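Structure assessment
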Amino acid sequence: MIIDFHSHLLPGIDDGAVDLTVTKGIIDKQLSDGVDTIVATPHYYCEQQSIDDFIVNRDNAYNKVVDYYSETNLLMPKIILGAEVYYSHYLNSVTDLRKLCIQGTDYLMLELPYKEITPAIIDGALNLADANGVNLIIAHIERYLRFTSYKSLLPLLQNGVLGQINCSSIIDSGSTRRKTFKFIKDGYVHILGSDVHNTSSRPAYMGEAIKVLSKKFSPSFTAGIMNNANDVLHNLDIDDIY
Ligand SMILES: [Fe+2]
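Note that the structure is predicted; figures quoted are calculated from it, not measured.

Of note, the phi angle at H140 is positive, near 30 degrees, even though the residue is not glycine. Examined against the element boundaries, H140 turns out to sit in the loop between β7 (135–138) and α4 (150–157). What makes H140 buried here is the crowd of 21 C-beta atoms within 10 Å. Backbone geometry places D195, a non-glycine residue, at a positive phi of 55 degrees.

The subject of this paragraph is the nonpolar core. Formed by 67 residues in total, the largest nonpolar core has its most connected members in L108, L110, L136 and I138. Setting aside anything within four residues of it in sequence, one finds L110 in contact with V85, Y87, A125, L136, I137, I138 and A139.

Note on placement: S88 falls in the loop between β5 (84–86) and β6 (107–111). Here the alpha-carbon distance between S88 and C46, two residues 42 residues apart in the chain, equals 7.9 Å. The contact partners of S88, leaving out residues within four places of it in the chain, are C46 and E47.

Cut-off values and rules
Residues numbered from 1 in each chain as written. Predicted model: local features only at pLDDT ≥ 70, side-chain atom pairs only at ≥ 80, totals over all residues. Helix = DSSP H or I, 4+ residues; strand = E, 2+ residues; numbered from the N terminus. Buried ≥ 20, exposed ≤ 12 C-beta atoms within 10 Å, placed from the backbone. Core = buried A, V, L, I, M, F, W, Y, C linked by C-beta atoms within 7 Å. Contact = placed C-beta atoms within 7 Å.

Shown next as structure tokens:
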């Protein structure tokens with residue numbers, strides 16, 4: 001079972017797939033990589049949209065995909081609905097945040113601001129989790145290192161918050177990969193996602209990333225990271241894969 005836990009494949013809803021043609025291109029690549037389940041995580045910005053409007057748009061986009069695949073009789077992977085929720089302190093005053101959890105779970109994917117991660121942001125995020133009774137998954141933990149220190153993220157990752165990494169960061173051959181591997185070696189990576197946006201500049205690299213992980217880390221880690229995604233989708237606690 002291969003689960004892509006982070007994607008922008010729903011058509012016309014955010015800066016991901018602009019239309020169904022791109023969605024189909026993304027799905028073609030995912031299927032060829034053996035991906036059978038994709039978590040759709042369109043961006044959510046609380047200062048721009050109500051949660052209910054977001055959900056209506058997301059469901060409409062999802063239904064377009066379902067209709068297309070049922071009309072064409074093509075194989076469609078399982079798509080689970082979720083969101084990539086951008087953290088701002090306003091989020092702490094938003095009610096019904098649980099509606100943005102990954103479908104059927106208490107897990108919420110949070111995108112941190114692209115700036116120095118201060119103790120105030122850490123406290124705000126942890127309070128958000130407590131107040132709403134959700135488990136946080138931090139989206140692509142390696143991407144913030146251009147703006148903040150490794151150390152600044154640790155109070156989240158050492159407090160039961162799960163870390164997701166992007167496939168593109170693993171197949172990168174430069175410093176991004178080194179930094180991503182440090183998160184893995186230190187035990188802070190739990191979930192893998194493509195963060196696919198299209199078929200050109202930000203494609204899905206699940207197959208390529210799994211190959212790299214299998215080569216560089218123990219087979220139990222690679223199997224464990226896939227198993228974690230399955231556990232989260234079943235609203236279970238993840239196993240210790242380190
Ligand atoms: Fe994303």
